Amino acid sequence: MTAARELLSGPALRVAPRLLGAVLVSDIGGASVAVRITEVEAYEGAADPASHAFRGPTPRTAVMFGPPGGLYCYFTYGMHWCANVVCGTDGVAAAVLLRAGQIVEGADTAFARRPAARTARELARGPARLASCLALDVTTNGVDLCDPASPVRIEGVRRRRPPRVVAGPRVGISVATDRPRRFWVDGDPTVSTFKAGGRRAGAPKRP
DNA sequence: AGGACGATTAACT
DNA sequence: GTTAATCGTCCTC
């Protein structure tokens, strides 16, 4: 196994903070776009009711049950794609959702793919925005991020989490809030706005 | 075969 | 602060 894949293998809670600062590179449609990851979320498999893999493997979640280093892309809300890095080993479904990042290469292409973006910092601020900047969709589902021949690759995965990492609750999730599973680079302007527990910013749910 | 809903975003008031 | 857009997936007949 390659060193990079080794670093991507293991429980999502351990791999997730490691991805902060790593760079995802996409070579699609003749253009190269790269994003430095600034915000992620950990999704475990059977033990995590918020995970797509919670109810066992399906055609959609097959990649999540595959080898670590895979790219799991899924379609949501009838219009958006989001992307995960698969990290589970031995048939255990686990993945890290890529929530936000800073475009470090191919900004012109990213702007062309995201006409609504007015500034560079909002290009990849949010999981669906990040995916669209890199043209991640059904055609990239399951690609091996550790294969130099892949159209999408990951570089610079660290052995330990970088400095200034903060943890908190996942976004858009109202179950399994027992512990923080979202990690981001503190103070980074590309990190998405915080929305806890399945509702928009505001007071926590009261019984 | 039918229907509810979502790991979201953009555009509103 | 609120809400529409829009459709694949999965659960329930």
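Scroll up to find the structure this text is about.
Residues numbered from 1 in each chain as written. Chains lettered and ligands numbered in written order. Predicted model: local features only at pLDDT ≥ 70, side-chain atom pairs only at ≥ 80, totals over all residues. Heavy atoms only, no water.

**Remarks on the state of the cysteines**
Here's step 1: Evaluated as defined, the whole model comprises zero disulfides.
Here's step 2: The cysteine C87 is free of any disulfide, with C146 supplying the nearest cysteine sulfur at 12 Å.
Here's step 3: Residue class for C87 comes out buried when judged on its relative accessible area of 0%.
Here's step 4: In this structure C146 comes out as buried when scored by relative accessible area, which is 14%. (Disulfide = S-S within 2.5 Å. Buried < 20%, exposed > 50% of the residue type's maximum accessible area, 1.4 Å probe, protein only.)

**Notes on the environment of A93**
Here's step 1: Note that A93 resides in the loop between β4 (80–86) and β5 (95–105).
Here's step 2: Considering only alpha carbons, one finds A93 and R118, 25 residues apart in sequence, at a separation of 37 Å.
Here's step 3: In this view, A93 contacts E44, G45, A53, M64 and F65; residues no more than four positions away in its chain are not counted. (Helix = DSSP H or I, 4+ residues; strand = E, 2+ residues; numbered from the N terminus. Contact = heavy atoms within 4.5 Å.)

**Brief notes about the environment of R125**
Here's step 1: Looking at the element boundaries, R125 is found in the loop between α3 (107–113) and α4 (127–133).
Here's step 2: Along the sequence, R125 and S192 sit 67 residues apart, while their C-alpha atoms lie 5.3 Å from each other.
Here's step 3: Discounting chain neighbours no more than four positions away, the residues touching R125 are R99, A100, P189, T190, V191, S192 and T193.

**Focus: the pairing of β4**
Here's step 1: Along β4, five of the seven residues are buried, which leaves the element largely enclosed by surrounding structure.
Here's step 2: When strand β3 (residues 71–76) meets β4, the two strands line up antiparallel, connected through six bridges. Paired with L71 across the strands is V85, a residue of β4.
Here's step 3: What sits between the antiparallel neighbours β3 and β4 is a turn of three residues, in which Y77 has the positive phi angle 55°. (Pairing = 2+ DSSP bridges.)

Distances and angles like these do not, on their own, reveal function.
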